[in-house]
Amino acid sequence: MGNLLRPKTKIRLGTWNVRTMYETSKAAQVLNEIEKYQLDILGISECRWTGSGKQVTNNGSAIIWSGHPHRHEREVAIIVSKAKLKTLLEWEPISDRLIRARFNSKHSKLTILQCYAEEEDKDEWYEELQVAVPRVPRHDLLLIMGDINAKAASDNTNFERAMEKHGCGVMNDNGRRFAEFCLKNNCIIGGTIFPHKNLHKVTWNSPDGHTKNQIDHVAINGKWRRSLQDVRVYRGADVYSDHQ
């Protein structure tokens, strides 16, 4: 069994709403971008693969996914590089909007909850997430990431423990819900910690190009805050998605 979280060793993780991997060659495009940016693990929102399962790709990476039994609508996935695959301890397809994966390490395990939160059914989605978080072992490094549809904003008034002042834009209702969730569960929103230009914070562009928002997030449990070295958007990756 491998050791993912080693002292003084960096791992590179990402999250991306690719809009679909159901189209021909789309999965191959995503895998090419993973190699280009040398990612160890990539969480996918809107995978649109039905059912659930694990698939090993031609380059030795593995895709685990969780979806609806029949409809190609939402679905989430996590792609693990060949080099880190041996550290995958277990995974659980929770729903078509949430998947859990746990990775081995000598000193502390890593649990990832990859998400896709639509504007509809907010209450149901946050209830589902709130059930999943307490099940994570207490000493694990926890990452909650994905398309949360939440504008975190730069004003962190009343949410100082859940976010810092380097968010982008104005908080919306889902942003408030996400901040309240992080406050309750002792997590901090990673995209609000580091002082980047807005160009490297914005994760979604509207079809008309007039609206740019920071709605995809990585949150980490507070005790592991110092393990998070940077959170930023890389704009060069392209699979014909309106998300960065």
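Residues numbered from 1 in each chain as written. Predicted model: local features only at pLDDT ≥ 70, side-chain atom pairs only at ≥ 80, totals over all residues. Heavy atoms only, no water.

Draft legend 1. Quick look at the environment of Asp155. Within the fold, Asp155 resides in the loop between strand 9 (141–147) and helix 3 (173–184). Asp155 sits twelve residues away from Gly167 along the chain, and the two C-alpha atoms are 7.6 Å apart. (Helix = DSSP H or I, 4+ residues; strand = E, 2+ residues; numbered from the N terminus.)

Draft legend 2. Geometry of helix 1 (residues 26–36). When we look at burial in helix 1, the residues that qualify are Lys26, Ala27, Val30, Leu31, Glu33 and Ile34. Down the axis, helix 1 shows its buried residues gathered within 160° of arc, on one side only. In helix 1, the exposed residues that point more than 90 degrees away from the buried face are Asn32 and Lys36. In this structure, the buried residues of helix 1 make contact with strand 1 (13–17), strand 2 (41–45) and strand 5 (76–80). Residue Gln38 follows helix 1 closely and has a positive phi angle near 55°. (Buried < 20%, exposed > 50% of the residue type's maximum accessible area, 1.4 Å probe, protein only. Arc of directions from axis to C-beta. Contact = heavy atoms within 4.5 Å.)

Draft legend 3. View of the layout of surface pockets. Here the largest pocket is characterised by a volume of approximately 1300 Å³. Surrounding the largest pocket, 48 residues form its lining, Ile11, Arg12, Leu13, Leu228 and Asp230 being those nearest its centre. Taken together, the residues of the lining of the largest pocket sort by class into 23 nonpolar, 15 polar and ten charged. In this structure, the second largest pocket encloses a volume near 200 Å³. Along its surface, the second largest pocket is lined by 13 residues, and Val133, Arg138, Leu142, Asn185 and Asn221 are the ones closest to its centre. (1 Å grid on protein atoms, 1.4 Å probe; cavity = no way out; pocket = protein on both sides within 12 Å on 5 of 7 lines; lining within 4 Å. Points joined across faces, edges and corners; volume = space filled by probe spheres on them. Nonpolar A, V, L, I, M, F, W, Y, C, P; charged D, E, K, R; others polar.)

Draft legend 4. Representation of the pattern of salt bridges within the structure. Going through the model one piece at a time under the given rule, you end up with 16 salt bridges. The salt bridge partner of Arg19 is Glu46, with a shortest N-O separation of 3.6 Å. Of this pair, Arg19 sits in the loop between strand 1 and helix 1 while Glu46 sits in the loop between strand 2 and strand 3 (52–56), placing them 27 residues apart in sequence. For Glu46, a relative accessible area of 6% gives the class buried. (Salt bridge = Lys/Arg side-chain N within 4 Å of Asp/Glu carboxyl O.)

Draft legend 5. Molecular detail of the packing of aromatic side chains. Summed over all chains, the structure comprises four aromatic pairs. Consider the rings of Trp49 and Trp65, whose centres lie 5.0 Å apart with planes at 90°: the pair is edge-to-face. One end of the pair, Trp49, is in the loop between strand 2 and strand 3; the other, Trp65, is in strand 4 (residues 62–66), and 16 residues separate them in sequence. Across the pair, exposure class does not vary: Trp49 and Trp65 are buried alike. On the basis of an interplanar angle of 50° and a centroid distance of 6.1 Å, the ring pair of Tyr126 and Phe181 is categorised as tilted. Taken together, the residues span a long stretch of sequence, with Tyr126 in helix 2 (residues 122–132) and Phe181 in helix 3 at a distance of 55 residues. For Phe181, a relative accessible area of 5% gives the class buried. Above the ring of Tyr234, the side-chain terminus of Arg232 is found at 4.3 Å from the ring centroid. (Phe/Tyr/Trp six-rings, centres within 6.5 Å; stacked < 30°, edge-to-face > 60°. Lys NZ or Arg CZ within 6 Å of the ring centre and 35° of its normal.)

Draft legend 6. A look at the side chain of Lys84. Along the chain, the position of Lys84 falls in the loop between strand 5 and strand 6 (88–95). No salt bridge is formed by the buried Lys84. Its closest oppositely charged neighbour is Asp40, at 4.5 Å. Not counting residues up to four positions away in its chain, the partners in contact with Lys84 are Leu4 and Asp40. (Lys, Arg positive; Asp, Glu negative; His and termini not counted.)

Draft legend 7. Main features of the sheet that holds strand 4. An order of 1-2-5-4-3 is seen for the five strands of this open sheet, with the pairing classed as mixed. Because the sheet does not close on itself, it has two edges, and the strands there are strand 1 and strand 3. Neighbouring strand axes in the sheet, compared pairwise and without regard to direction, differ in orientation by 15° on average. Sheet analysis places strand 1 next to strand 2, joined by five bridges and oriented parallel. In the sheet register, Asn17 faces strand 2, and the bridge partner there is Ser45. (Pairing = 2+ DSSP bridges. Axes fitted to C-alpha atoms, helices over the stretch in contact; angles between N-to-C directions.)

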